[in-house]
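Overview (structure and organization)
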Amino acid sequence: MKKLILAGAALALMSGTALADKFLLDMKGPGAGNPFWAAVEAGAMEKGKELGVEVMVMSPPTESDVAAQIAQIEDMIAQGLDGIALAPTDPNALAPVVDAAKAAGIPVVFVDTKGSNEGVTFIGTDNEAGAKLAADYICGKLEKGSEVAILQGIITQSTGQARANGSKAGLEACGLKVVAEQTGEWDRAKGQAAMENIITGNPNIKAVFASNDNMALGAVEALKSAGKLADVMVVGFDANPDAAVSVLAGDMTATVAQAPKNMGGFGIQALVDLKAGKTIPPVIDTGTVLVDKSNAEQYK
Amino acid sequence: MLGNSPRISSFLEHYGIVVIVVAMMAFLYASRPDVFMSLANLTNIIKQNATLALLALGMFVVIVTAGIDLSVGSVMALGMMCLAVTAKAGVPWPIVILIGPLVGITAGLVNGLGLTVLRLPHPFIMTLGTLNIARGLSSLITEGAPVSGLGREVRYLGQANYDFGFFPPPTGLPASLFVVGISAVGMWFFLNRTSMGRHIFAIGGNPHAARVSGINVDRVLVYVYAISGFFAGLGGLLLAGRTDSGFPLAGQNAELDAIAAVIIGGASFFGGRGTVLGVMAGVLIMGLMRNGLNLNNVSPFWQQILIGLVIIAAVYIDVLRRHAAVRR
């Protein structure tokens, strides 16, 4: 009887190795309904098909559910697999489980959000460069010395910090005056309230850079009800469908698109390379594109 | 000192909180004289705190019964999502604007019935459950995507602004102010002039005595949570109108802001005590503090710390006042 079980186990192991390499993409939130994660997922699946490897996609139910993401990865390490592309919900909280994967000989790369583990490649948007792109666009439309404002995201997150720093550096580099920096915590209603306060305190501002489109859309509402939308240009970040519609309608002026599909695709490619023993660069930029009226249609 | 004069101490007992509001306004005026008292800024303060005021009114009734309703932020988001989706589906606006409050009442009934029929030991548990359920449902409806573009009539209560031919255009009295005003007066009348209102205070003061004296405690509690849900749903209607959007993450931690406003306003966590005026003052204190700190470009981290300190200080002042009153 024991022999039979052993034989069975051996067979299972053999058949396991006979199958294609198995990679996990663990995202911050579910792809269903969120176009961003859906695109990351699609990019990874396409690349998996192209390279003939198996790609599994998982995520915690919400982006704040750090514990669920840790548990998923622990479970997958226990099952055994050939690589993990991880978008960490909380870089520090996920660090131990990433170390555990590496200790088990499983290659790991970060996609979208950089983790805190040393020596793990990050594949994602250079948010500072993206925010700079938005700032340069604003610079090109305004006179030197004009007053501008920044709506920050959650400033304790690296993405929030990078977008705040990149935009501020870009706006100041071309001689614009940043008179207000307030947080809208990525939230539409909070962004709207922050914008109302900014225009009350600084009636002369000519442009606002919002660190994401939700806050940019809130800023548009604030400017509309103050009757100032014609005087103040609003540039967001993310190019989500609502923002694309708003750009086409002439409410928002522009936004910045990330390339989430690249994140999934480059992520799987990097894991396959690592598995084959190749070395990959520590940071792989997936690129950003400025979206205004001329190209907003494709982001609707 | 002040406590020695019964007139002054009685005045402070009832209106001390209003004095604090006035003092805060004077302080903010001194810090940004150019901006704080501008019509635009005062309009902003009203618009930004209308939703919190409604949530706090609902929370207040619950806290008077020595209960708690942790679900209000999530229920508000659920109401927003439901009305946004139906508005987008082309349902006529008179029905759409009822959906927020109806979703809220339904969630409140679930809370109340869960508490009384399932005999859960504390409303914390039932409403912690519905906090999660309502948040999950909010996201489930559109798989997490926000819904924008609700139409003029649906947005009216959250968006309209009356200038009365007197205020310069962007400023004025927002419709949401009237919603809050009517709600507050209605709540005052309900709590102070109806038998149900008196029963609510009686239950909070001493549930056992209330039961013995023939009050149907369970029935009153179901009503109380339904009222809280109603205000959460109405808050959702205002916020959806204001932002022209239903988004599933709306109102995260709003329940804590509502609780803070009620407690700052002098209501007792142990039930049976508090006034509508105090709650409105509590909302204003929270709102004025955020506004003033924003206008002075104070970091949001300091804002959190200060709000925490104000919660503690407000209740401590209340404790001192109560002590003085007992000694007298």
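Residues numbered from 1 in each chain as written. Chains lettered and ligands numbered in written order. Predicted model: local features only at pLDDT ≥ 70, side-chain atom pairs only at ≥ 80, totals over all residues.

Describing the packing of helix H2 (residues 39–64) of chain B against helix H12 (residues 276–295) of chain B
All names here are of chain B. Viewed as axis vectors pointing N to C, H2 and H12 meet at an angle of 140°, and their least axial separation amounts to 9 Å. Crossing hand, H2 versus H12: right-handed. Residues Asn44, Ile45, Gln48, Asn49, Leu52, Ala53, Ala56, Leu57 and Phe60 of H2 pack against Val279, Met280, Gly282, Val283, Met286, Gly287, Leu288 and Asn291 of H12. In the contact of H2 with H12, the residues fall into 11 nonpolar, 6 polar and no charged. (Axes fitted to C-alpha atoms, helices over the stretch in contact; angles between N-to-C directions. Helix = DSSP H or I, 4+ residues; strand = E, 2+ residues; numbered from the N terminus. Left-handed = near helix turned anticlockwise from the far one by under 90°. Contact = placed C-beta atoms within 7 Å. Nonpolar A, V, L, I, M, F, W, Y, C, P; charged D, E, K, R; others polar.)

Comments concerning the sheet that holds strand S9 (residues 233–235) of chain A
The strands making up a sheet are joined through hydrogen bonds of the backbone, oriented either antiparallel or parallel. All names here are of chain A. One open sheet accounts for 4 strands, arranged S7-S6-S8-S9; its pairing is parallel. Looking along the sheet, the strands with just one partner apiece sit at the ends: strand S7 (177–183) and S9. Shown here is a sheet whose adjacent strand axes are inclined to one another by a mean of 20°, direction ignored. By the bridge criterion, 3 bridges tie strand S8 (residues 207–210) to S9 in an arrangement that is parallel. When the sheet's bridge partners are listed, Ala207 is paired in S9 with Met233. Against the sheet, helix H5 (residues 127–141) makes contact with strand S6 (147–152), S8 and S9, and its axis sits at roughly 160° relative to S9, the strand it touches most. (Pairing = 2+ DSSP bridges.)

Some thoughts on the domain arrangement of chain A
All names here are of chain A. Domains assigned within chain A are domain 1 (2–125 + 259–286) and domain 2 (127–258). Computed from C-alpha coordinates alone, the two centres of domain 1 and domain 2 are separated by 34 Å. Between domain 1 and domain 2, the residue contacts involve 7 residues of the former and 7 residues of the latter. Broken down by class, the residue content of the side of domain 1 that touches domain 2 amounts to 3 nonpolar, 3 polar and 1 charged. (Domains from an automatic or database assignment.)

Digging into the pairing of strand S2 (residues 54–58) of chain A
All names here are of chain A. Burial along S2 is one-sided: Val55 and Val57 are buried, while Glu54, Met56 and Met58, pointing the other way, are not. Relative to S2, strand S1 (residues 22–26) is paired through 5 bridges, and the arrangement is parallel. Directly across from Leu24, in S2, lies its bridge partner Met56. (Buried ≥ 20, exposed ≤ 12 C-beta atoms within 10 Å, placed from the backbone.)

Concerning the confidence of the model for chain A
Of all residues in chain A, 93% have pLDDT values of 70 or greater, and the mean over the chain is 89. Per-residue pLDDT stays below 50 along residues 11–18 of chain A; that stretch engages in 0 contacts with residues further than four places along the chain or on separate chains. (pLDDT = per-residue confidence, 0-100.)

Thoughts on the sheet that holds S1 of chain A
Residues and elements named next belong to chain A. Read from one edge of the open sheet, 6 strands run S2-S1-S3-S4-S5-S11, paired in parallel fashion. Whereas interior strands pair on both sides, the edge strands pair on one side only; in this sheet they are S2 and strand S11 (283–285). Here the strands of the sheet are splayed against their neighbours by 20° on average, with no regard to which way each runs. Packing against the sheet, helix H10 (residues 260–275) makes contact with S1, S2, strand S3 (83–86), strand S4 (108–111), strand S5 (122–124) and S11, and its axis sits at approximately 150° to S3.

Observations regarding the nonpolar core
Formed by 137 residues in total, the largest nonpolar core has its most connected members in Val208 of chain A together with Ala56 of chain B. In terms of residue count, the dominant contributor to this core is helix H10 (residues 217–243) of chain B (14 residues). Filtering out sequence-adjacent residues up to four positions away, Ala56 of chain B remains in contact with Ala258, Ala261, Val262, Val279, Gly282 and Val283 of chain B. Among the nonpolar cores identified, the runner-up in size contains 33 residues, and Val57, Val98, Ile123 and Val272 of chain A belong to it. (Core = buried A, V, L, I, M, F, W, Y, C linked by C-beta atoms within 7 Å.)

What about the interface of chain A and chain B?
On the side of chain B, 27 residues touch chain A, which itself brings 23 residues to the contact. Within the residue set of the side of chain A that touches chain B, elements represented by two or more residues are S7, helix H7 (188–201) and helix H8 (213–225) of chain A. A per-class count over the side of chain A that touches chain B returns 7 nonpolar, 12 polar and 4 charged.

What about unusual backbone geometry?
Phi is positive for Ala239 of chain A, close to 55°, though the residue is something other than glycine. The topology assignment puts Ala239 of chain A in the loop between S9 and helix H9 (241–248). In this structure, Ala66 of chain B takes a positive phi of about 65° despite not being glycine. Looking at where Ala66 of chain B falls in the secondary structure, it is placed in the loop between H2 and helix H3 (72–88).

Comments concerning H3 of chain B
Helix length check: H3 of chain B (17 residues) gives 24 Å between terminal C-alpha atoms against 24 Å at 1.5 Å per residue, within 8%. Looking one or two residues beyond H3 of chain B, the residue adopting positive phi is Gly90 of chain B, at roughly 90°. (Expected span 1.5 Å × (residues − 1).)

Things to note about the packing of H7 of chain A against H8 of chain A
Residue and element names in this part refer to chain A. Relative to each other, H7 and H8 sit at 45°, their axes nearing to 7 Å. One finds that H7 runs oblique with respect to H8. H8 is crossed by H7, and the crossing has right-handed handedness. Facing Arg188, Ala189, Gly191, Gln192, Met195, Glu196 and Ile199 of H7, the residues of H8 in contact are Asn214, Met215, Leu217, Gly218, Ala219, Glu221, Ala222 and Leu223. (Parallel < 35°, antiparallel > 145°, perpendicular 65-115°, else oblique.)

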